[in-house]
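One letter stands for each residue in the lines below.
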Amino acid sequence: IQNDYKEELQSQGRVQVQDLTIAEQIDFQPMTLTADLIKNEEEAKQVLLRGTDRVIVHKVERGESLWSIASKNEMSVSDLRRANPELKGDMIKVGQSLNMIVPDPYINLLSEEERVVTQAIPFRTQVIEDSSLWPWQRVVKQPGSHGKEEITLLITRCNGEETARRVLHRTTITEPVTQVVLQGRKQIPDRGTGQLIWPMQGQLTCGFGWSRYRYHHGIDIAAPIGTPIKAADSGTVVFAGWAGALGNTVRIDHGGGKMETVYSHCNAFRVKVGDVVEKGQVIATCGNNGNSTGPHLHFEVRVNGTAVNPIQYYPAQ
């Protein structure tokens, strides 16, 4: 049994078994048996390694299913159901107790082995601000590359199942190369007037501030899909793309980052990053994407990075 176990481990690759023992104390006693109870060598091995059945209790954790529990414990779903006749269908609850019948070997093989593995050493990224590039520009000056190291592990197993591992030593084969990225910090010219026009014709459906269970950082204007969205003031497009819950979004900087307007849930873009736009220019069309319950424009005004109530810029309306 010990030789078979050792050969199986060493067949898995760069493994050197350091120690192999049987956990139990084994003795021999002379007995008189009938011929049908006598096993050959291979059958005797299987009896010793399989042993008898043992019932253990498993507490169901979040995300588990009958299939995942059975698979993790090397049993079939049918076997799991037979051990738990009270189960109806496939529904199980977190915290529910399930009985599992698992092998209880008569002998347990304990081993320690040295295994040599190679793995990548992650590279780090260095970001350098560059005043010759616009804020939306990010240029990789030097690509990074992973290094490689060789690790010698001491692995402890019981019946082939890993129970612990410890790093004995590491040897660096190649060093990682740092990735160098240039991040633009060029000042955006003042192009805005500070006087905003209404961005889209439609119905105001949600105001600024607390709304039910969330804080609304802008206002919502409902309109049919395809309704033109206009730049509320002159400026430079610093973002035009997908923005998670906000869906398709355009951001316009009206001067040096001091004021920015945001237009979200757009159906189609009419501008791209870096474009200089005039007040009233069509920049997108109304859409219904991202976290949206109907076609509308989510419109924000940010001053020095903080969202403010856009309505204050339309006192006459």
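Computed from a prediction, not measured in an experiment: that's the story for all the values here.

Enquirer: Explanation requested: the overall build of the chain in the structure shown.
Expert: Along its length, the chain carries four helices and 22 strands. For the chain, the C-alpha radius of gyration of 34 Å lies well beyond 20 Å, the compact-globule estimate for 317 residues. Principal axes of the C-alpha set define a box for the chain whose edges measure 110 × 55 × 25 Å. Expressed as a percentage of its 317 residues, the buried residues of the chain come to 33%.

Enquirer: Help me understand the pattern of salt bridges, please; the structure alone is not making it clear to me.
Expert: Between side chains of opposite charge, a pair can form as their charged atoms come close. For the structure shown, the criterion picks out 14 salt bridges. In the salt-bridge network here, residues are joined through shared partners; they are Arg 251, Glu 260, Glu 300 and Arg 302.

Enquirer: Help me out: how do you make sense of a nonpolar patch on the surface in this one?
Expert: Side chains of Met 31, Leu 33, Leu 37 and Ile 38 sit close together on the surface and give an oily, nonpolar patch of about 450 Å² of accessible area. Here Ile 38 lies in the loop between strand 1 (15-22) and helix 2 (41-50).

Enquirer: Would you mind going over the sheet that holds strand 6 (residues 138-142) with me for this structure?
Expert: The strands that make up a sheet are held in pairs by hydrogen bonds between backbone atoms, and each pair lies either parallel or antiparallel. Taken in spatial order, the three strands line up as 5-9-6 in an open sheet, and their pairing is mixed. Lying at the two open borders of the sheet, with one neighbouring strand each, are strand 5 (125-130) and strand 6. Pairs of neighbouring strands in the sheet enclose a mean axial angle of 30 degrees, with direction left out of account. Bridging between strand 5 and strand 9 (residues 179-184) involves six bridges; their strand directions are parallel.

Enquirer: Can you help me understand the sheet that holds strand 20 (residues 282-286) in this one?
Expert: Taking strand neighbours across the sheet as the criterion, the three strands line up as 14-20-18 in an open arrangement whose pairing is antiparallel. The sheet is open, and its two borders are formed by strand 14 (228-230) and strand 18 (266-269), each paired with just one other strand. For this sheet, the mean angle separating the axes of adjacent strands, direction not counted, is 40 degrees. With three bridges connecting them, strand 14 and strand 20 associate as antiparallel partners. Within the sheet, the bridge partner assigned to Lys 230 lies in strand 20 and is Val 282.

Enquirer: Would you mind showing me how to read the environment of Glu 112 here?
Expert: With respect to the helices and strands, Glu 112 occurs in strand 4 (residues 109-121). Along the chain, Glu 112 and Leu 154 lie 42 residues apart, while their C-alpha atoms are 6.7 Å from each other. Once residues within four sequence positions are removed from consideration, Glu 112 is found in contact with Gln 16, Val 17, Gln 18, Asp 19, Leu 154, Ile 155 and Thr 156.

Enquirer: When you look at the packing of aromatic side chains in this model, what are you seeing that I'm missing?
Expert: Each aromatic ring pair is described using two quantities: the centre-to-centre distance and the angle formed by the ring planes. A complete count under the given rule lists five aromatic pairs for this structure. When the centroid spacing of 5.0 Å and the interplanar angle of 80 degrees are considered together, the rings of Trp 198 and Tyr 314 count as edge-to-face. Taken as a pair, Trp 198 in the loop between strand 9 and strand 10 (203-206) and Tyr 314 in the segment after strand 22 (306-308) lie far apart in primary sequence, 116 residues in all. Centre to centre, the rings of Tyr 263 and Phe 299 are 5.3 Å apart; their planes meet at 45 degrees, and the pair counts as tilted. Placement of Tyr 263 in strand 17 (residues 259-264) and of Phe 299 in strand 21 (residues 296-303) is noted, with a sequence separation of 36 residues between them. Residue class for Tyr 263 comes out buried when judged on its relative accessible area of 0%. The structure contains a cluster of three or more aromatic residues connected by ring pairs, namely Phe 208, Trp 210 and Tyr 215.

Enquirer: What is the right way to look at the nonpolar core in this model?
Expert: Core analysis: the biggest nonpolar cluster contains 24 residues, and Ile 229, Ile 252, Tyr 263, Ile 283 and Phe 299 have the highest contact counts within it. The next biggest cluster of nonpolar side chains, apart from the first, holds 11 residues, and it includes Val 60, Leu 80, Ile 92 and Leu 98.

Enquirer: Can you walk me through the state of the cysteines in this structure?
Expert: Here, disulfide denotes a covalent bond that connects the sulfur atoms of two cysteines. Per the counting criterion, the structure on display carries zero disulfides. Between Cys 206, a cysteine without a disulfide, and Cys 286, which holds the nearest cysteine sulfur, the sulfur-to-sulfur distance is 15 Å.

Enquirer: Help me out: how do you make sense of the pairing of strand 13 (residues 219-222) in this one?
Expert: Note on strand geometry: in a regular strand, side chains alternate between the two faces of the sheet. The pairing of strand 10 with strand 13 spans three bridges and is antiparallel. By the bridge assignment for strand 13, Gln 203 is matched with Ala 222. When strand 13 meets strand 21, the two strands line up antiparallel, connected through four bridges. Among the inter-strand pairings, Ile 221 is bridged to a residue of strand 21, identified as Leu 297.

Enquirer: Can you help me understand unusual backbone geometry in this one?
Expert: Of all residues except glycine, most have a negative phi; of all peptide bonds, most are trans. Residue His 265 is not a glycine yet carries a positive backbone phi of 70 degrees. In this structure, His 265 sits in the loop between strand 17 and strand 18. Although it is not a glycine, Asn 304 adopts a positive phi angle of roughly 50 degrees. Checked against the element boundaries, Asn 304 lands in the loop between strand 21 and strand 22.

Criteria and thresholds
Residues numbered from 1 in each chain as written. Predicted model: local features only at pLDDT ≥ 70, side-chain atom pairs only at ≥ 80, totals over all residues. Heavy atoms only, no water. Helix = DSSP H or I, 4+ residues; strand = E, 2+ residues; numbered from the N terminus. Rg over C-alpha atoms; globule rule 2.2 N^0.38 Å. Buried < 20%, exposed > 50% of the residue type's maximum accessible area, 1.4 Å probe, protein only. Salt bridge = Lys/Arg side-chain N within 4 Å of Asp/Glu carboxyl O. Patch = residues over 30% accessible without salt bridge, like charges linked within 9 Å, V, L, I, M, F, W, Y side chains within 5 Å. Areas by Shrake-Rupley, 256 points an atom, 1.4 Å probe, with all protein chains shown as cover. Pairing = 2+ DSSP bridges. Axes fitted to C-alpha atoms, helices over the stretch in contact; angles between N-to-C directions. Contact = heavy atoms within 4.5 Å. Phe/Tyr/Trp six-rings, centres within 6.5 Å; stacked < 30°, edge-to-face > 60°. Core = buried A, V, L, I, M, F, W, Y, C linked by side-chain atoms within 4.5 Å. Disulfide = S-S within 2.5 Å.

Such coordinate-based values are descriptive only and should not be taken to indicate function.
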